[in-house]
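The chain contents come next:
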Amino acid sequence: MNAENQDVLLDLEGEEEEGEEEEDDDDGETGRELEFQETKDMEGVMDAYRNRPRVSTQMGRSEGLREDLGSCSSFAAETHDLSLSHYCFGKLQSGTADLVLELKQVIIPTYGTVPDQPNLHTPEWADFDDKPDSLFFSDGQRRIDFVLVYEDENKKMTHKRSDRKKQKRKRQVYESNLINNGLQLESTRSVLDEKLIFVKVHAPWEVLCTYAEVMHIKLPLQPSDLKTRDSAFNWFNRLFRVDENIIKPEQEFFTAPFQKEHLSNFYIQDKDTFFNPATRSRIVHFILSRVEYATKNNVKKFGINKLLDTGIYKAAFPLHDSSFRHPSTDPDCPNERYLLYREWAHPKNIFKLQPLDFIRKYYGEKIGIYFAWLGFYTNMLIVAAVVGVGCFLYGCLTKDNCTWSQEVCDPSIGGNIIMCPQCDKVCTYWNLTITCESSKKLCIFDSFGTLVFAVFMGIWVTLFLEFWKRRQAELEYEWDTVEYLEQEEQVRPEYEARCTHVVMNEITQQEEHVPYTACGKCIRMTFCTSAVFFWILLIIASVIGIIVYRLSVFLAFSATLTQHISGTEAIRKYLTPQTATSVTASFISFIVIMVLNVIYEKVAILITDFELPRTQTDYENSLTTKMFLFQFVNYYSSCFYIAFFKGKFVGHPGNPVYWLGKYRNEECDPGGCLLELTTQLAIIVGGKAIWNNIQEVLLPWVKNLIGRYCAAARSEKVVPRWEQDYHLQPVGKLGLFYEYLEMVIQFGFVTLFVASFPLAPLLALINNMLEIRLDAWKLTTQFRRMVPQKAQDIGAWQPIMQGIAILAVVTNAMIIAFTSDMIPRLVYYWSFSVPPYGSHSSHTMKGYINNTLSVFNISDFKNASKPFSPLFGNQMTCRYRDFRYPPGHQHQYEHNIYYWHVIAAKLAFIIVMEHVIYFVKFIISYIIPDVSQKTKSKVKREKYLTQKLLHENDLKVVKKNMGKIADKIIKGVESTFRLKDE
């Protein structure tokens with residue numbers, strides 16, 4: 001670039017700045033601020049830039065000038081377009097050396113057709129050609145990449161005429177702007193409903209190439225030459241793998257972010273297949289989300305999402321490629337949906353491995369990573385389920401040797417023990433033998449196997465998370481998402497539209513636009529955090545309500561469920577006041593949980609929208625954190641109450657502790673609260689699984705069944721593919737959020753409270769095996785095709801599971817220490833069964849029940865708690881569950897030496913168990929790297945070969961051009977010498 005051209009460019013840039021200042025003065029300060037709020041249509045801006053009037057220079061060439069990337073960046077700064085700025089900056093960084101100066105004139109971007117212009121571009125009209133499986137326009141050449149559906153405004157009867165005109169105008173402007181951006185549209189009226197019109201969208205090659213570069217989409221350079229080693233278990237996996245003759249393995253390529261100037265470097269065998277359908281749909285959706293349709297007060301409204309919310313369009317979706325029931329009649333159709341249903345979603349494949357590469361190809365990386373994670377989690381549950389079943393069987397085999405349960409059921413021991421009433425006045429005295437059946441069940445779960453299983457699960461969860469990181473790193477390489485967040489992820493249109501404030505970037509030292517100042521961001525975060533805590537407190541209030549219900553209903557059950565010491569009916573063995581209260585409270589808690597879920601979902605979305613996260617990943621992570629905090633309190637609070645609070649602060653019969661000054665605190669059964677915790681877990685986990693399947697699978701199936709029945713009743717006509725897909729259920733805005741949430745909540749139940757229910761991993765395994773196929777069946781048969789999206793990992797769910805894993809060690813240690821009776825039994829066996837505290841000559845569990853139930857004199861009852869029914873017989877004492885001195889002792893009703901031994905043993909056990917498991921977890925995390933050496937080598941080799949290939953091709957071009965220049969110079973020199981010689 002010579003000095004003369006630099007001076008000319010500087011002069012024109014100065015004139016351009018002066019023109020902009022004059023324009024700003026005319027518009028005023030308000031207009032300048034509102035201008036920043038305009039959401040930029042990327043392709044419109046780029047077209048305006050490329051098509052601006054050109055001024056020829058002395059350096060003009062006959063074949064035209066190349067694009068000046070420096071002026072591109074300047075143009076992006078003028079229009080305040082963040083995406084174009086990133087695009088131009090990336091182009092500058094790519095190392096393009098031979099930039100040619102190109103002078104430009106001052107322009108004002110129009111962002112496509114404005115609503116005032118009378119000449120709007122309209123889609124082509126075409127009739128349905130009676131080809132139900134066609135995926136192309138009526139010409140049979142242009143592929144349908146997206147479908148928009150709207151109701152003909154002239155036939156709408158639900159709105160005012162003026163409203164219908166406004167909606168029609170917005171739609172026409174939007175479609176005209178889509179055409180201005182290079183998309184091709186074709187409209188077809190519905191076969192079944194004349195009111196509906198389907199607008200089919202096609203992206204030509206030039207549009208795909210332009211936006212593939214803007215979006216930094218990685219595309220194939222050349223086939224991979226890396227050799228893959230077969231695993232030692234490959235022969236075993238082949239038994240469960242999908243037949244490779246049916247679903248062929250995907251060919252592996254070296255890839256690089258697409259660049260039009262390096263088009264010849266990419267592996268393009270056929271332009272029609274270079275961009276697969278998933279990528280095409282993703283690019284078109286990117287354009288649809290950024291095109292404007294109206295201007296109000298100088299603020300542009302944009303995007304297909306807002307048009308869907310306002311009802312201007314009824315649906316927008318990419319097409320399934322075929323029916324799931326049978327292959328397409330089109331011989332060129334790959335029938336991927338049909339193959340997915342037959343080889344993946346069908347129930348017969350429940351024991352088969354998932355075709356993850358094929359799922360990713362059809363639905364995109366975001367769906368693929370979910371099913372990869374769910375499948376990996378399910379496989380890891382097999383080991384946990386086997387160990388859990390082993391511990392359960394151990395408990396079943398040893399329950400007959402459970403000495404303390406035998407004492408409870410023994411008429412000569414438990415039959416002679418009269419227990420004190422567990423509530424004031426209306427409760428009666430009761431015989432210990434009525435808890436015989438529950439004590440037998442408790443022996444199964446409260447055994448030495450429970451301790452072993454709790455320690456094992458603390459290690460298992462670490463292995464699961466570490467091995468998943470390695471598997472995730474392999475998928476990142478195989479699916480080209482290693483550098484996705486840094487290169488490909490775009491700013492959300494909602495964020496970009498509100499960039500009204502100018503700040504200085506600390507790194508680039510350049511001005512950039514943000515939607516709020518530091519103070520504004522602080523205010524937003526404060527408000528959002530306060531709102532989240534308010535709703536969490538509301539959930540805690542609902543939990544307190546359940547506790548009040550338990551306390552009050554226990555009184556009613558105690559009065560109405562007749563208790564007879566000598567009763568032998570089977571129903572009275574099981575239907576105790578404690579059992580009735582626990583079961584009914586669990587069901588009510590489950591109903592409250594589900595109702596609060598529905599309410600909080602809307603609140604969490606509103607709060608996250610107000611936060612205005614920058615990218616879609618940031619948005620989803622923020623929403624995930626809020627929803628999980630809520631769900632954590634919602635689902636687990638009742639379990640935490642039973643495990644760590646119920647029966648822990650009850651006082652003694654002569655001086656009970658009252659909750660809120662009115663309700664007497666609940667007491668545990670003589671066997672403890674562990675069995676009640678198991679019951680609570682079984683009801684919530686089982687009820688949650690049934691409810692989710694009804695909500696996620698049964699309801700969409702019923703809706704689609706009704707829709708198909710109504711459609712069949714109206715017409716027997718041939719229905720095109722786009723109309724068949726329209727009558728499927730739409731995918732929610734949150735996508736896979738609830739699938740992840742369901743599984744992570746289940747993960748919490750499997751790990752946090754597994755010490756009380758060793759069968760939880762088995763139930764989770766069975767549920768997940770069904771869940772994979774149900775989710776697959778739902779996606780392939782009941783829902784429209786989701787817009788393919790990129791995803792590098794499972795997002796915020798990974799740190800959430802790591803937090804659960806750390807908390808699980810503490811909760812399981814505390815359940816064993818404080819909820820079960822394992823520590824008191826061990827203390828009795830080793831210390832209080834033999835002298836000096838016991839009377840047995842050797843260590844034994846005999847006498848445990850009598851030794852651990854304290855004595856209370858009924859004459860010490862206060863009037864407020866004294867039972868109405870008198871104690872039968874001549875007995876003057878009753879027993880209660882605690883470690884206190886008997887009446888008549890100088891420290892009567894105070895905690896005895898046994899109590900302090902037990903407390904010391906519990907604290908020691910928690911400290912030792914936590915430190916041992918945490919140490920093992922640390923060692924495992926250190927030994928197992930997050931990325932395997934094999935994957936690291938593959939990533940480095942791909943980068944090396946990619947850079948080498950692109951660099952060598954650039955050198956070839958430079959060498960070729962330099963060779964031509966050198967030939968011209970040599971010829972010029974030779975001619976000069978020839979003239980001199982003459």
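Residues numbered from 1 in each chain as written. Predicted model: local features only at pLDDT ≥ 70, side-chain atom pairs only at ≥ 80, totals over all residues. Heavy atoms only, no water.

The name an unreviewed UniProt entry gives the chain is Anoctamin, with Patagioenas fasciata monilis as the organism. Per UniProt, the chain carries the Sequence similarities (unreviewed entry) text "Belongs to the anoctamin family." (UniProt positions renumbered as here; feature names shortened; annotations may be inferred.)

Q: Even after reading the chapter, I still don't get the state of the cysteines, so can you show me in this structure?
A: Structurally, a disulfide amounts to a covalent bond that connects the sulfur atoms of two cysteines. For the structure shown, the criterion picks out four disulfides. Between the sulfur of Cys-409 and that of Cys-436 lies a disulfide, 1.9 Å long from S to S. Across the S-S bond linking Cys-409 and Cys-436, the dihedral sits near 105 degrees, which makes this disulfide right-handed. Taken together, the positions of Cys-409 in helix 14 (residues 403-409) and Cys-436 in helix 15 (residues 436-445) put the pair 27 residues apart, joining distant regions of the chain. Owing to a relative accessible area of 13%, Cys-436 belongs among the buried residues under this scheme. Cys-420 shares a disulfide with Cys-878; S-S distance 1.8 Å. Across the disulfide from Cys-420 to Cys-878, rotation about the S-S bond amounts to roughly 90 degrees, and the bridge is consequently right-handed. Here Cys-420 is found in the loop between strand 12 (418-419) and strand 13 (430-431), whereas its partner Cys-878 is found in strand 21 (residues 877-881), with 458 residues between them in sequence. (Disulfide = S-S within 2.5 Å. Helix = DSSP H or I, 4+ residues; strand = E, 2+ residues; numbered from the N terminus. Buried < 20%, exposed > 50% of the residue type's maximum accessible area, 1.4 Å probe, protein only.)

Q: Teacher, can you tell me more about the confidence of the model for the chain here?
A: Should the pLDDT be low somewhere, the predicted coordinates at that spot are not to be read in detail. Averaged over every residue, the pLDDT of the chain is 79; residues scoring 70 or more account for 79%. A low-confidence stretch, residues 1-117 stays under pLDDT 50, and its non-local contacts, those more than four residues away or across chains, total 169 contacts. Long-range and interchain partners of residues 563-568, a stretch whose pLDDT sits below 50, account for ten contacts in this model, where long-range means more than four residues apart. (pLDDT = per-residue confidence, 0-100. Contact = heavy atoms within 4.5 Å.)

Q: Would you mind going over the UniProt feature "transmembrane region" (unreviewed entry) in the chain with me for this structure?
A: Residues annotated in UniProt with the feature "transmembrane region" (unreviewed entry) correspond here to residues 370-395, 448-468, 532-559, 579-600, 743-766, 800-819 and 907-928. With 100% helix and 0% strand, the stretch residues 448-468 has end C-alpha atoms that lie 30 Å from each other. Helix makes up 100% of residues 579-600 and strand 0%, and the two end C-alpha atoms of the span are 31 Å apart.

Q: When you look at a nonpolar patch on the surface in this model, what are you seeing that I'm missing?
A: A surface patch of nonpolar side chains, about 680 Å² in accessible area, is lined by Ile-690, Ile-694, Leu-698, Leu-699, Trp-701, Val-702, Leu-705 and Ile-706. Residue placement: Leu-705 occurs in helix 23 (residues 674-714). (Patch = residues over 30% accessible without salt bridge, like charges linked within 9 Å, V, L, I, M, F, W, Y side chains within 5 Å. Areas by Shrake-Rupley, 256 points an atom, 1.4 Å probe, with all protein chains shown as cover. Salt bridge = Lys/Arg side-chain N within 4 Å of Asp/Glu carboxyl O.)

Q: Please clarify how the side chain of Asp-321 should be interpreted in this entry.
A: Structurally, Asp-321 can be placed in the loop between strand 11 (315-317) and helix 11 (336-345). Arg-785 provides the closest opposite charge to the buried, salt-bridge-free Asp-321, at an N-O distance of 5.7 Å. A polar contact is formed between the side chain of Asp-321 and the backbone nitrogen of Glu-336, at a distance of 2.6 Å. Here the side chain of Asp-321 touches Arg-337 through a polar contact of 3.1 Å, landing on its backbone nitrogen. If we skip the residues at most four places from it in the chain, Asp-321 touches Leu-135, Cys-333, Pro-334, Asn-335, Glu-336, Arg-337, Tyr-362 and Arg-785. (Lys, Arg positive; Asp, Glu negative; His and termini not counted. Polar contact = N/O pair within 3.5 Å; in protein donor to acceptor, adjacent residues only side chain to side chain.)

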